[in-house]
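A look at the structure
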Amino acid sequence: MTSTVVIAPLLVALGTAILALLTRRVPRLQRALSVAGAGAYVVGVAVLVRAVRLDPDGRLVYRVSNWDGPFGIVLIADPLSTLMLALAAVVSLVAAVYSVRFVGREGQRLSYHALYHLMVVGVTGALLTGDVFNLFVWFEVMLMSSYVLVAFASDSDATRAALQYAVLNLLGSAVMLLAIGGLYATTGTLNMADMARRLADPTAFGIDPAPVLGLSALLLVVFLLKAGVMPFQFWVPDAYRAAPAPVTAVLAGVVKKVGVYAVVRLYFTVFAAAPLTVSLPGISGGPELGFLAFFGPVLFLMATASAILGGLGAIDQPDMEGLLAYSSIAQIGFIMLPLAVAATAAAPAVRTVGIAAALVYSVNHGLAKSLLFLAVGAAEDAIGSTRLSDLGGLTEVAPVLSGAFLIGALSLVGIPPLTGFFAKLLVFDTAVRAGAPLALAVALAGAILTIAYVTRAWNNAFWGSPGSRVHAAATAARTGRDDGPAVADGGHADAADDAHGTAGDDLATVASIADPVLVGCTLSLAVLLVALGIGFDPLYAAATDAAAAALDTEAYVRAVDPAIAGDAIADGGGTGGDQDVAEQLRALRGDGR
Amino acid sequence: MQPDAAVLVAALALPFVAVPFVPALFRVVGQRVAFFAAAVAAGSFGLLATQYGAHGAVQLPWIPSLGVSLTLYVDGLALLIGFLASGVGVLVFTYSYGYMAHEHGHVKYYATLLAFMGSMLGVAFAADLLALFVFWELTSVTSFLLIGHHQREDASQYAARKSMLITVAGGLFMLAGFLVLAFASGDTAAGRTFVLIGTENSLIANGEAVREALRAAGLFVPALALVAVGAITKSAQAPFHVWLPNAMEAPTPVSAFLHSATMVKAGVYLVGRFRPLFAPELPSVPEWTLLLATLGLVSMTITAILAVGATDIKELLAYSTASHLGLIIAGYGLAGPAAVELGAETGAFHIFNHAVFKATLFLVAGIIAHEAHTRKLEELGGLAGDLPIVAGITGIAALGMAGVPPFNGFWSKELLFETTYFVAVEHGGLYWLYPAIAVFGSVFTFLYSIRFLMLFFGDRPSGLADDIHRPPLAMLAPPALLAAIALATGIVPQLGIDAVVQSAFEASLPVAAEAHSLTLSIPKLFSFTPYLGMSLLTVGLGAVAYPFYGRLHAGVRWARAVDYTSPNWYYDGLTEGANGVSRRLAVGLHGGAFRTYVAPLLLGTAVLALAGYAAAGSISVDGVGAVPPVPLIVVLGVAVVGAGAVARAPSHIAGVLTLSVLGFMVAIVFILANAPDLALTQLVIETLVLVLFLLVLDRLPAYYGEIRSRARGIADAALASLVGFTVFATVLVATSASPEEPIFQYFLARAGVPAEHGPFFSDFGGGSNVVNVILVDFRAFDTLGEIAVVAMAALSVLTLVGMRAQTETEMAERPESDSADDPAATPATDGGRGPPPASADDPAPSDGTDGSGGVDR
């Protein structure tokens, strides 16, 4: 069905960005608008999610400027895109609130809020669009905004990281443009649904699907680059270190997932339709697998490399942000792994489980990794460093923050009943159901590496003896709140003297060194991880719906089909057909000339 | 009697519900919060007691779409573990009041311990495999937190991480095993299920079909092995026993509770629970026995020997725990015609006996450490004079552990001997190794048990403090109560059997089997049997060997210092090796040199695309061999020369100028292709870029990086050629295609003004330039995005300039804030982070880690 609700989240985010730019002279109003805009975005997404659920087809379409697809640009919201949108909405709201306290005043006034919401615009557009060139545009929006946000601190590290980020991603953009140009030339269309329809029946449209495989492989590079899959992960560690914590949270939690979404959408919904026999040494597949016979092994190799090498790299990082960055590389491997298994699985049930596993894992990683980056940011805010050698003993001075971090970390490991457990469970289950012992072995090895780096981080940063910086922060927290309970035992007067001691008693009087708002943001995500785990049923239902939607190419095409799009309102839908389109076009050709 | 769902849920939920109250209560009542926790444990115990004799399952929905339920199953085995968890819980909480009086972190301690108790009850009663796994992993996590209770100590952190790595990793293998079982059950008539026992379509109820499905898929042994990995990591069986001695870093009540009586019992519980599924009644010895009985007996022997090498009383008890868990696993592992019932009896009875005497001994160890301020075996002795009651308690428990009649451990060990004997008689041959190993291992058990008992007798070492006080009542009563139970069970074993053991072992029998009543009593000892002979042989050999304990101790210490046979050596090698690999990997992958980032990206792209073209088979390509018109050849020739010149350009300026030659040639190609508007655009862009470049280049350093080695130059050239070829191939295949009905036809048709139209129309573009109409109408949405990009480019300049100014001011104002670490603080920080000092009076059992304690966290 067509509905204007589809474009609502995008307009909300865009409007917020513009308002944030216009109110630069009134910083207080600007910050309020930014947070309110993020809240409105959540509402917009919620309305859209509900509308999609209520729709009998589960797919809502919006034709921009009212031009019919495939000629104009079509936005389409289905369970897959709305699941990712919901993740984006939650993370971006939390991170927006966090930003107000975390980012320097001048930075906020200059451009932070506008750029932040433009990044959300890019994410939203990419998740909703049904047009590959339009997808390119939203990727550019995401890239440009995140480039500035990575460089935001403007010191030498941030500038260097942002330059690398921008250059690598611009290379990706060039590749994307090349691939999209090629796809247009070979299939004659840019609309995803139309492309799927044409690929499904290539002879009827005079298409040779053979070159499309290579072109789609070229396009895959861009999505994997966005997602940070090996060997396209090179921008990840430095960029995550350089960007402010809330930006990193959105980059790791949401922007990465756009890459995952694009892989699912294009390769399982669109390109999977093409009947093509693939053969390479070691790879072979009949026409029923199509392109996926090629992408399955490719994704498997990359997922394995990411999960193992990323996990290994995370173990001995000198700083928390680096550790979490490597962990992101590893976790994206876990997301790609079930997709790889699903790609080569013949049974549709296994394919559904595989995609659902990737989506649940995406949601888990989106929430958990954002939480961890925000927690580390809160610690940095108080202590001024994220180097493991400067941290230590955080549980003693920031117990709630530590608890939230622990929940996020355990969710990464996959400890029940957190969301991460079910994510890992589904990844394992995909491997078991598909009879893929190698995939199971990779998942197990990756999971063990996760335990290794998570426990190491916990031991070094949260247990152990508090370092001098932690003591200094504790002293500052105490003197900063002279009327607090800290004074109760009267022992604080000489605290400055023994701040470097190891007795620990001077710390006992500090309730928390971390900023309460920052802690609150972190905690809210922890609560969500617990709640979505204990009440996993709705998330699982949403993920299987999304997986089913991703695999139902026919329904996707039907929802956008140009033949029925024109008179959908008149006759309330219909099956349409290639015939109608051909006739319509022939008629048009006659008219136009 | 059917179990009552509400009561069961209440018993399980009570500890979890109590957790949030701990911090608040601690503020009010202080350390007496221990009694609150004990009351909670007693509440759970009481609730479970009402279910005594119940048998059956209750099903609660949890995640219906995933087929996961919160099925709880009550039978003798579940109740046995449940009573242990809550009953020992009461005693341990009470004991903690005395033990923890001078420790830190009470809130954390009691809250975690309560959560652990709830999780353990969950393990006991959950019949759905995934629900079981939830609680299983929660016990691992709470164990991690409790082992790391002394969180500033490196040894605690090392121990906590080690236990987490081993038990959680093992748990993941087990999870994979569960999924294999569920997968196999999907092929049976009963359908896919995670429910192990208690319902009509549960795995055990349809055991025959599930086993057949597993065997048909070749998954029987893998499933068994995966589940077994979970059990033996949790129950600290060789070679995964290494985490348990380190876990003694935890406060002693935790060791008594988690690491002897309950958590480590989860593994053996699982073995007992799965026995009916994997070890049905067969005429032959099942894989189950070959795997688990062998592993249990070997592990029992190895860890008993290691216990003799212990220097610390808790370390001794830790190895001993691993050894006794091996005995239980061996008991459950022995199946087949001769042992199906006896084995189950051994396992169930020893779970009970071991929990009772080992918890007692740990609590005693806590008293000794608390009062004598040392845990070193060599520094202790002759304590009976100071602690007479404790000596009596220890006597009962230690003799039970040694297997001396008529103490409680004797009875279950006797059952093991009996089982191994009958298996050997039935199957002969190599199976005689089972009784032989059982006796051999038990000799060491006898030895270390007596060694522990001798802490109270003999001479007082000179270094021992004179002022050894009697423990407070809160610390004395719990072990005394346990010792009383042990004594009663020893003298009248039928008491324990009738109370819980009979119904517990029945749970581990094959579904169809009829259980007979197990009867044991002292008069039975007066009729000689071969297995009674084995017991006597054990005690006799032990008594003969005890005078040589010192030499044996030294021998074991020498043997376990051998690197290649020590699991600790492998663990430390792997974890520390991983650190080294991690560092090298990070530097190797992300060393910071930009070219090393770009090259893999380009290579990956080219390989992926070309592989795609290759995999698709033949692609038709048009125009190969056709000769292009002369002007085009000239223009392209100039472009190629320009491209070559770019690569050789000696400076930025020359590079940009030659690059623009390329750009202008492209513009001419557009002209030749009848696209004047594109050509104009290209010319404008090319000119602008050239001018901008020249303006900016003035500010950049005027040199290029040098290609240092010839090999690198060749590699770069090859990569560049590959990328060029990829793009060439892509353009070639793209331009060769001629799809029907491309969408641009629609744009051509609709861009203009319709032939007949009113003042207002919306179905045509109404423009004269189709490109413009596409940009501002058909695809205006793209243009919106691009405008945003351009706006952000402007914003980025503003931001970078503004923020740089901001950062510079801040740096100028606070020079110290961004400088390196405060030099005064650095030594302190490093001191807390390095390896722990190997001082002699370190109470930690650092020997238990083969000298590696605390190096890697």
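Residues numbered from 1 in each chain as written. Chains lettered and ligands numbered in written order. Predicted model: local features only at pLDDT ≥ 70, side-chain atom pairs only at ≥ 80, totals over all residues. Heavy atoms only, no water.

This part takes up the UniProt feature "domain: NADH:quinone oxidoreductase/Mrp antiporter transmembrane" (unreviewed entry) in chain A. UniProt feature "domain: NADH:quinone oxidoreductase/Mrp antiporter transmembrane" (unreviewed entry): in the numbering of this structure it lies at residues 130-271 and 297-449 of chain A. Counting secondary structure, residues 297-449 of chain A comes out at 84% helix and 0% strand; the distance between its end C-alpha atoms is 23 Å. (UniProt positions renumbered as here; feature names shortened; annotations may be inferred. Helix = DSSP H or I, 4+ residues; strand = E, 2+ residues; numbered from the N terminus.)

Of all hydrophobic cores here, the largest spans 472 residues; its most connected members are Tyr-267 and Phe-271 of chain A together with Phe-125 and Phe-274 of chain B. Top element by residues in this core is helix H13 (residues 348-383) of chain A. It accounts for 19 residues. Every residue in contact with Phe-271 of chain A, bar those within four places of it in the chain, is listed here: Leu-183, Met-195, Leu-199, Val-212, Ser-216, Leu-219, Leu-266 and Phe-291 of chain A. Leu-416, Phe-417, Val-439 and Met-534 of chain B belong to the second-largest nonpolar core, a separate cluster that totals 15 residues. (Core = buried A, V, L, I, M, F, W, Y, C linked by side-chain atoms within 4.5 Å. Buried < 20%, exposed > 50% of the residue type's maximum accessible area, 1.4 Å probe, protein only. Contact = heavy atoms within 4.5 Å.)

Turning our eyes to something else, we now look at the packing of aromatic side chains. All names here are of chain B. For the coordinates displayed, the defined rule picks out 55 aromatic pairs over all chains. Centre to centre, the rings of Trp-569 and Tyr-570 are 5.0 Å apart; their planes meet at 85 degrees, and the pair counts as edge-to-face. For Trp-569, a relative accessible area of 34% corresponds to the partly exposed category. Residue Tyr-570 is classed as partly exposed on the basis of its relative accessible area of 42%. (Phe/Tyr/Trp six-rings, centres within 6.5 Å; stacked < 30°, edge-to-face > 60°.)

Residues and elements named next belong to chain A. Interaxial distance between helix H2 (residues 27-54) and helix H3 (residues 79-102) falls to 9 Å at its minimum, and their mutual angle equals 165 degrees. Between H2 and H3, the crossing angle belongs to the class labelled roughly antiparallel. For the pair H2 and H3, the crossing hand works out as left-handed. Each of Arg-31, Val-35, Ala-38, Gly-39, Tyr-41, Val-42, Val-45, Leu-48, Val-49 and Val-52 in H2 lies in contact with H3, whose residues at this interface are Pro-79, Thr-82, Leu-85, Ala-86, Ala-88, Ala-89, Ser-92, Leu-93, Ala-96, Val-97 and Val-100. (Axes fitted to C-alpha atoms, helices over the stretch in contact; angles between N-to-C directions. Parallel < 35°, antiparallel > 145°, perpendicular 65-115°, else oblique. Left-handed = near helix turned anticlockwise from the far one by under 90°.)

All names here are of chain B. Turning to its location among the elements, Tyr-434 is positioned in helix H18 (residues 433-453). Tyr-434 gets classed as buried once you look at its relative accessible area, which sits at 6%. The spatial distance from the C-alpha of Tyr-434 to the C-alpha of Thr-233 is 22 Å, given a sequence separation of 201 residues. Each residue touching Tyr-434, except ones within four places of it in the same chain, is listed here: Thr-289, Leu-290, Ala-293, Thr-294, Leu-297, Leu-334, Thr-420 and Val-423. Looking at Tyr-434, its side chain comes within polar contact range of the side chain of Thr-294, at 2.9 Å. (Polar contact = N/O pair within 3.5 Å; in protein donor to acceptor, adjacent residues only side chain to side chain.)

Another aspect to go through is a nonpolar patch on the surface. All names here are of chain B. A surface patch of nonpolar side chains, about 470 Å² in accessible area, is lined by Val-691, Leu-692, Leu-695, Val-696 and Leu-700. Tracing the backbone shows Leu-700 in the loop between helix H27 (676-697) and helix H28 (710-736). Residue classification places Leu-700 among the partly exposed positions, given a relative accessible area of 44%. (Patch = residues over 30% accessible without salt bridge, like charges linked within 9 Å, V, L, I, M, F, W, Y side chains within 5 Å. Areas by Shrake-Rupley, 256 points an atom, 1.4 Å probe, with all protein chains shown as cover. Salt bridge = Lys/Arg side-chain N within 4 Å of Asp/Glu carboxyl O.)

Attention shifts here to the confidence of the model for chain B. Residue and element names in this part refer to chain B. With 94% of its residues at a pLDDT of 70 or more, chain B shows a mean pLDDT of 87. Across residues 815-857, where pLDDT falls below 50, the model places 81 contacts with residues more than four positions away in sequence or in other chains. Two numbers describe this predicted complex: its pTM, 0.91, and its ipTM, 0.90. (pLDDT = per-residue confidence, 0-100.)

Attention shifts here to the pairing of strand S2 (residues 74-77) of chain A. Residues and elements named next belong to chain A. Side-chain alternation along S2 places Val-74 and Ile-76 on one buried face and Leu-75 and Ala-77 on a second face that is also buried. Pairing analysis gives four bridges linking strand S1 (residues 60-63) to S2, with the strands arranged antiparallel. Along S2, the bridge assignment pairs Arg-63 with Val-74. (Pairing = 2+ DSSP bridges.)

What follows covers the packing of H2 of chain A against helix H4 (residues 105-128) of chain A. Residue and element names in this part refer to chain A. Following both chains from N to C, one finds H2 and H4 inclined at 15 degrees, their axes separated by 9 Å at the closest point. Between H2 and H4, the angle falls in the class roughly parallel. Classified by chirality, the crossing of H4 by H2 is left-handed. Mapping the contact onto sequence places Pro-27, Gln-30, Arg-31, Ser-34, Gly-37, Ala-38, Tyr-41 and Leu-48 in H2 and Arg-105, Gln-108, Arg-109, His-113, His-117, Val-120, Thr-124 and Leu-128 in H4. Considering only residue class, the contact of H2 with H4 consists of six nonpolar, seven polar and three charged. (Nonpolar A, V, L, I, M, F, W, Y, C, P; charged D, E, K, R; others polar.)

When the UniProt feature table is mapped to this numbering, "domain: MrpA C-terminal/MbhE" (unreviewed entry) covers residues 712-802 of chain B. The span residues 712-802 of chain B is 70% helical and 0% strand by assignment, and the distance between its end C-alpha atoms comes to 40 Å.

This paragraph deals with the interface of chain A and chain B. Taken together, the contact between chain A and chain B spans 151 residues of the former and 114 residues of the latter. In total, about 11,200 Å² of surface goes out of reach between chain A and chain B, with carbon and sulfur atoms giving 69% of it. The tally of links from chain A across to chain B stands at four salt bridges. We note a salt bridge from Asp-131 of chain A to Arg-779 of chain B, for which the minimum N-O separation is 2.5 Å. The tally of links from chain A across to chain B stands at 24 residue pairs in polar contact (both at pLDDT 80 or more). Among the elements that make up the side of chain A that touches chain B, the one with the highest residue count is helix H6 (residues 156-187) of chain A (13 residues). (Buried area = accessible area lost by both parts, 1.4 Å probe.)

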